[in-house]
Every structure is written in C-alpha cells, then in structure tokens.
Amino acid sequence: MLAHLAPAVFLSGFAALAYQLLWMRELALVMGTAHTAVAACLAVYMAGLAAGAAVSGRMAEGIRRPLIAFVWIELAVAAGALLMPLLLATAGPLLPRVLVVPDGVPADAGGGQWLFYSLVAIVAMGLPAMAIGATLPMLARVLLALPGSELRSLTVLYSINTAGAAMGAAAAGFLLIPRLGLSMTTLLAAGLNVLAALIAWTVARGVGASPPAGEPERRRRPAWFWVSIAGLVAVASFALEVFWARLFSHLLGGSTQGFALMLAATLAGLLKSPNNLSPWNDPEASRVNRDYVLKQMRDLGFLTRDQYDQAMAEPLTVRRRPDPVKQSYAMDYVRQQAIASLGFERAM
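Residues numbered from 1 in each chain as written. Predicted model: local features only at pLDDT ≥ 70, side-chain atom pairs only at ≥ 80, totals over all residues. Heavy atoms only, no water.

J.: Looking at this model, I keep getting lost on the packing of helix 3 (residues 66-91) against helix 6 (residues 135-144). Mind explaining?
T.: The description of two packed helices rests on the angle between their axes and on the distance between the axes. Here helix 3 crosses helix 6 at 160°, and the two axes come no closer than 8 Å. Overall, the two elements helix 3 and helix 6 adopt an arrangement that is roughly antiparallel. In the packing of helix 3 onto helix 6, the handedness of the crossing is left-handed. Two secondary-structure elements touch here, helix 3 through Pro 66, Leu 67, Ala 69, Phe 70, Ile 73 and Glu 74 and helix 6 through Thr 135, Met 138, Leu 139, Arg 141 and Val 142. Residue classes in the contact of helix 3 with helix 6 are distributed as 8 nonpolar, 1 polar and 2 charged. (Axes fitted to C-alpha atoms, helices over the stretch in contact; angles between N-to-C directions. Helix = DSSP H or I, 4+ residues; strand = E, 2+ residues; numbered from the N terminus. Parallel < 35°, antiparallel > 145°, perpendicular 65-115°, else oblique. Left-handed = near helix turned anticlockwise from the far one by under 90°. Contact = heavy atoms within 4.5 Å. Nonpolar A, V, L, I, M, F, W, Y, C, P; charged D, E, K, R; others polar.)

Next up, the structure:
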C-alpha cells in the first residue's frame, strides 16, 4: 500500500512547504518585511503542525477509516489555503488603527506590532497549519494497521513526505512564485492537495476498515531531562532557521528566495538519515566511507604511503556491547571524558 500512497504523501509534503513560503510572502506584503513578521509566520506554522499532529494522533486510534479521514484533511488544507489571502487582505488596513499610527507603520513598531502579527498569523494560518500537521498521523495509522507492518514503513513514509517538502520549498521559492505569482501558486498548491486526496480516495476504495487500535501500551513517561533537551534543540533549530533566512536574503537579494533556500537545505539534510551510515546496518558502506577518508588523509599529507597501505589492509570490525546500556548519551559523555583524561588505551 505504501507504494500506492507514495504520490499522495509526496504531493502533500510538496504543497505544505509551498504554503509556508506563500504565507510568509503574503504576510510580509500585507504588513511589511520586518523580521517580526517572518518569525511570527514560522512560529505559528510550526505550532499549528504540532497541535494538528497531537490532535490527529489521539483521534486516529478510534477512526476505522483513517485513509478517508486523510482525504478530508487534504481537502481542508486546500480550502484553508484558498481563504488565507482573503483573511490577510482584511487584516492589512487594521494595523495602522491598532497601533494608532495614521502616518504609516514603521518597519519595526515594537511589541504592539509583534502581537498584531502573531494574532493575524494565528487567525489566518492556524487552522490550515493544524490540518497539515494532522496528515502524517492518519497515514501512520493506516500503515500500522496493515498485517506485517513494521516501523520501518513509517520512516519511509516520513522520508517521502520530507523529500516532497524540500522540493516544494525550492520550487515555490525559485520557480513558482517568481513566474506564476502568489495567486496562481496558491491555486496550484491547492490543486496538489486535491490530487493527493483523490489518490488516497482511490486507494481507500480497495481497503477495508482498519481494526481498532486497542488499549495503548502503558509506558513510563520519559524523564523530564530528555524532554527538556529535545525542547532546547527545537528552540535552537528554529532560531537558526530565522537567522539563516535573513542571512540568505542578504546574499540572494530577496526574502522569499532566502527563506526557500533555508527550508530546502534544512529538509534535504533530514533526508540523509545518519542511521543508514551505521556499520551495524551496512558494513560495506562503512568500509567505503573508511577508504574514502583514508585516501583524503593520504592526499592531504596527513598519512604517509606506508601508513595508508597499512590502514587499508586492516579489516573493518564492529565491536558490539554485550548488553544494552540505558542512558547511552550520558555513558558516551563519560566515556569521552575518560578518554580525554586517561587516554584511549587506559580508558577502554
């Protein structure tokens, strides 16, 4: 089924990131190009994705036809995207009145401007962003209900969606918006949502109702320390996204192209999947990587010819730990400190 759903998953991701660029551009056109508008757009979009995923994840367990639910969600995304420009058009004239600046709004009018941007972005972008975030949990429910399904199918699903998102960001920023304009690009993205819904509906006709998800397994809640670390990583990541977008806009001479390049590069990096480089998963790929690094070290003068030949002749072996270690990140940190203080031979 994943092969049949792959086009719908790809198109859904493509349209989602095209919308993010469209909404950022439309928000900036209506209210100015200050960095507060870009930050508010990014914050509300990602918050909508998180809220939609949380709600959809809970609802998906009790839905017997999650693929039909995905169809309706895609149609809701298209409808919300088409309404977005109308909502922004009505909000633009209100800004001078809210800030009481009849002579025009400055580039950065402080906290009042930021609050207004945030409220407008929440009203205009909140519901369609939540709908976008609700798509993947529904598809995950479909795949996990199939006989013999594995978690690997979810990683493939996410990879296809992320690939579509990266291409959507690049295409919208560098091709569609410059050549077609905002209105036609919005119509095109909405059409992709409708096409994704039609593909999913066609697949759903040959699929019966999914069995109930059953009582979820009770698991111990994750430690607040790791949850806090994950939150800090997310904050740092999106702070960097705002910085990179402004940096690229100076280099490329346009905020849309800078924002598009930042999104496409970030999403393309997620597709690399470092887990695939693990020597446990693919020893042959690890050997090829080892040989390449050694060759570069020889060519740059860090290894002599004899040292290079000796290293290449060494067999590539992987030492597995006899027992799984909990809190492996903390153990890795302690191990690194021991090696730095005592040396590799004494520490290991």
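J.: I would appreciate a short explanation of the layout of surface pockets in the present structure.
T.: It is a probe the size of a water molecule, rolled over the atoms, that shows where empty space is left. Quantified by volume, the largest pocket comes out at close to 640 Å³. Forming the walls of the largest pocket are 26 residues, and the residues nearest its centre are Met 46, Leu 49, Tyr 158, Asn 161 and Leu 267. Mapped by element, the contributors of at least two residues to the lining of the largest pocket are helix 1 (2-31), helix 2 (35-60), helix 5 (111-133), helix 6, helix 7 (151-205), helix 8 (224-252) and helix 9 (255-270). At 6 residues, the largest contribution of residues to the lining of the largest pocket is made by helix 2. (1 Å grid on protein atoms, 1.4 Å probe; cavity = no way out; pocket = protein on both sides within 12 Å on 5 of 7 lines; lining within 4 Å. Points joined across faces, edges and corners; volume = space filled by probe spheres on them.)

J.: Explanation requested: the side chain of Glu 74 in the structure shown.
T.: Positionally, Glu 74 belongs in helix 3. It is Arg 65 that comes nearest to the buried, bridge-free Glu 74 among opposite-charge side chains, at 17 Å. At 2.8 Å, the side chain of Glu 74 and the side chain of Asn 193 are in polar contact. Once residues lying within four places of it in the same chain are set aside, the contact partners of Glu 74 are Ser 12, Thr 135, Asn 193, Ala 196 and Ala 197. (Buried < 20%, exposed > 50% of the residue type's maximum accessible area, 1.4 Å probe, protein only. Lys, Arg positive; Asp, Glu negative; His and termini not counted. Salt bridge = Lys/Arg side-chain N within 4 Å of Asp/Glu carboxyl O. Polar contact = N/O pair within 3.5 Å; in protein donor to acceptor, adjacent residues only side chain to side chain.)

J.: Just checking my understanding: could you explain the side chain of Ser 12 for this structure?
T.: Following the sequence through the fold, Ser 12 ends up in helix 1. Ser 12 sits in the buried class, given a relative accessible area of 7%. Ignoring anything within four residues of it in the chain, the contact list for Ser 12 reads Glu 74, Thr 135, Asn 161 and Ala 196.

J.: Looking at this structure, I do not really get empty space enclosed by the protein. What am I missing?
T.: Applying the stated criterion to the full structure yields 1 cavity of 30 Å³ or more. Size it by volume and the largest cavity reaches roughly 40 Å³. Taken together, Ser 12, Ala 16, Glu 74, Val 77, Ile 132, Thr 135 and Asn 193 make up the full set of residues lining the largest cavity. For the lining of the largest cavity, the elements supplying multiple residues, two or more each, are helix 1 and helix 3. Partitioned by chemical class, the residues of the lining of the largest cavity number 3 nonpolar, 3 polar and 1 charged.

J.: I'm lost on the confidence of the model for the chain in this one. Help?
T.: Detailed reading of the predicted coordinates is not advisable wherever pLDDT is low. On average, residues of the chain carry a pLDDT of 77, and 69% of them reach 70 or more. A low-confidence stretch, residues 215-221 (pLDDT under 50), is modelled with 0 contacts involving residues beyond four sequence positions or located in other chains. (pLDDT = per-residue confidence, 0-100.)

J.: Can you help me understand the packing of helix 10 (residues 283-299) against helix 11 (residues 305-313) in this one?
T.: It is the contact of helix 10 with helix 11, at a shortest axis distance of 10 Å, that shows an interaxial angle of 175°. It follows that helix 10 is roughly antiparallel to helix 11 by the angle criterion. Between helix 10, through Arg 290, Asp 291, Leu 294, Lys 295 and Arg 298, and helix 11, the contact on the second element is made entirely by Arg 305, Tyr 308, Ala 311 and Met 312. For the contact of helix 10 with helix 11, the per-class residue count stands at 4 nonpolar, no polar and 5 charged.

J.: Any chance you could explain the pattern of salt bridges here in plain terms?
T.: Two side chains carrying opposite charge are able to pair once their charged atoms lie near each other. As enumerated under the stated definition, the model contains 5 salt bridges in all. Put simply, Arg 290 and Asp 291 hold a salt bridge, and the shortest N to O gap is 2.8 Å. In this pair, the class of Arg 290 matches that of Asp 291, namely buried. As a salt-bridge pair, Lys 295 and Asp 299 come within 3.1 Å of each other at their nearest N and O atoms. With Lys 295 and Asp 299 both in helix 10 and 4 residues apart, the pair spans about one turn of that helix. Judged by relative accessible area, Lys 295 falls into the partly exposed class, the value being 36%. What emerges from the salt-bridge pattern is a single network uniting Arg 287, Arg 290 and Asp 291.

J.: Just to check I follow, could you spell out the nonpolar core for this structure?
T.: A general tendency of soluble globular proteins is for nonpolar side chains to be buried together. The biggest cluster of nonpolar side chains holds 72 residues, and the ones touching the most others in it are Tyr 19, Leu 21, Trp 23 and Tyr 45. Sorting the residues of this core by element identifies helix 1, helix 2, helix 3, helix 5, helix 6, helix 7 and helix 9 as the ones contributing at least two each. Among the elements that make up this core, the one with the highest residue count is helix 7 (19 residues). Residues contacting Tyr 19, with those up to four places away along its chain left out, are Val 77, Ala 78, Ala 81, Ile 132, Thr 186, Ala 189, Ala 190 and Asn 193. (Core = buried A, V, L, I, M, F, W, Y, C linked by side-chain atoms within 4.5 Å.)

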